[in-house]
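# Structural description and commentary
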Amino acid sequence: MSFARYIARGELARALDDMARGRVTYAPRREGDAVVFRPRAEGEEPLLARATVPPKGVIFPQSERLFAFIREKDPNDPGHTTVRLDSTVDIEPALIFGGRPCDARGFHIFDRVYLNGPHRDPYYAARREATVVVTLACNKAGSTCFCHWTGCGPADTTGSDILLTPVGEGADAGFVAVAVTERGGAVLEAANLPEADAARSDAAQAVHAATQAALDAQSPARDLSATPARLLERFSDSDFWRDMSDKCLSCGACTYLCPTCYCFNITDENDGGDGMRGRRLRSWDNCMSSLFTREASGHNPRMGKALRLRNRVGHKFSYYPQLHEGVVSCNGCGRCITGCPVSVDIREMVVRATEANEETPNA
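The rules behind these values
Residues numbered from 1 in each chain as written. Predicted model: local features only at pLDDT ≥ 70, side-chain atom pairs only at ≥ 80, totals over all residues. Heavy atoms only, no water. Helix = DSSP H or I, 4+ residues; strand = E, 2+ residues; numbered from the N terminus. Expected span 1.5 Å × (residues − 1). Buried < 20%, exposed > 50% of the residue type's maximum accessible area, 1.4 Å probe, protein only. Arc of directions from axis to C-beta. Contact = heavy atoms within 4.5 Å. Pairing = 2+ DSSP bridges. Axes fitted to C-alpha atoms, helices over the stretch in contact; angles between N-to-C directions.

## Structural notes on helix 6 (residues 198-218)
Compared with an ideal rise of 1.5 Å per residue, which puts 21 residues at 30 Å, helix 6 spans 30 Å between its outermost C-alpha atoms and is within 8% of the ideal. Of all the positions in helix 6, only A204, V207, H208, T211 and L215 are classed as buried. One side of helix 6 holds all its buried residues, which, seen down the axis, span an arc of 90°. Those residues of helix 6 that are exposed and angled more than 90 degrees off the buried face are A198, A199, D202, Q205 and A217. Its buried side turned inward, helix 6 meets strand 8 (162-167) and strand 9 (174-179).

## Digging into the sheet that holds strand 11 (residues 277-284)
A sheet is described by the order of its strands in space; here 4 strands give the open sequence 5-4-11-10, paired in antiparallel fashion. This sheet does not close on itself; its edge strands, each paired only once, are strand 5 (77-86) and strand 10 (264-270). Each strand axis lies, on average, 25° off the axis of its neighbour in the sheet, ignoring direction. Where helix 4 (residues 122-129) meets the sheet, its contacts fall on strand 4 (63-74) and strand 11, and the angle it forms with strand 4 comes to roughly 135°.

## A look at helix 3 (residues 101-114)
Here helix 3 is 14 residues long and its end C-alpha atoms lie 20 Å apart, about the 20 Å a rise of 1.5 Å per residue gives. A large share of helix 3 lies buried, amounting to 12 of its 14 residues. Taken as a whole, helix 3 has its buried residues at P101, C102, D103, A104, R105, G106, F107, I109, F110, D111, R112 and Y114.

In short, geometric facts, not functional conclusions.
Written out as C-alpha cells, the structure is:
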C-alpha cells in the first residue's frame, strides 16, 4: 500500500490528534538538554527536533513487569508453599510520532530477534502490534549520521507505518504523508486528509534526494560487505582492540542511546517484607558493563573493556549480519558518537577493522 496525503504545517497538531484517535501518542519533548519521547496531550504542538534518545522504550520499555508472583502457604502443611503467577499485561494502543527513519529501522532489527526468531517474545510482540510508527524523513544530515553506510537512509521506510516528509516553506510549509503499511493506510484514511498533489509529491522526492546527496558529500557510503569477515579476523588482535578502547569509559551510554541494542537482565523484586509477593522485571542491560557476562561461578569472560568493545562492534557488524541475511545491527544514527563522553567513534573502528591490514593475525 502506498498513497500520499498532505498536512499543512498549521494543521499538524489537529491531524496528529485524528491519526492517534484512541491511542497514546509519544512525541519528542525537550527536557533540559535532551529531547526525549513522552506522551503527548491532545492539541499539543509536536516538537519536530530530532530526539537525542530513540523511541525504542515505547515498545521495549527500559523496565517492565513480566509477571507478578504470589506465594501461598498450605495452612494444613506450613512447610508446603504454592506459587501463583499473574501474567496480565496492560498494553495500550500507541502511536509514535517524530522518530527518524533510523529509529524505525531499529524496530526492524528488534523484529528479527523478538518476533521472527526461534523464541517469539509475547511482550514485545503485543506492543509492536499495538503501536503505529509515524516517521519524519530527514531534511538535514547530522555530522555524525552514517545511516547510508548501514543500508538505511534519510527516507528509509523500513519499520515505519507512515512516512512524513517536510516540504515547502513559510505559508506553504507542510508534510507529505505516505502510507507504508496497511495499518498506516488505515490511520491516514481515518484522519480525512487531502491527497498530496503531484507537485508536493515531487517536492518530497526532492527533499529525499537532497538529503541523500548531503550525506554522500559529507561521507561517501562504505561497502561493508567484507566487514563481518574482517572483524572475525581481528578477533584475536588484542593490540587493535586495546587501541580502539583506550579512551572508552565503559559507561554504557552508547548502548542505552542505541535504537538497535536489545539486551536485558531479569530480576525478581519483593513487594513486601515477608517475601510472599513480588514481581519479575525485565530491564535494559548493556554489554559494556563489566558485570554483564559474569557467570555464577564468578568467572567473567569479558573482564577487560577491550573485550567488551570488541563484542559490541562484532555483534553489530559481524555476528548479527551472519545470522540475519547480512542485515547490519546498526542504523547509523550516530547517537553513540554524540552521546559518548569521550567521543568514541564506532565508524573509526569499523573502517579500521575493515581495511586490509597485513599485520592482522590470520588475515
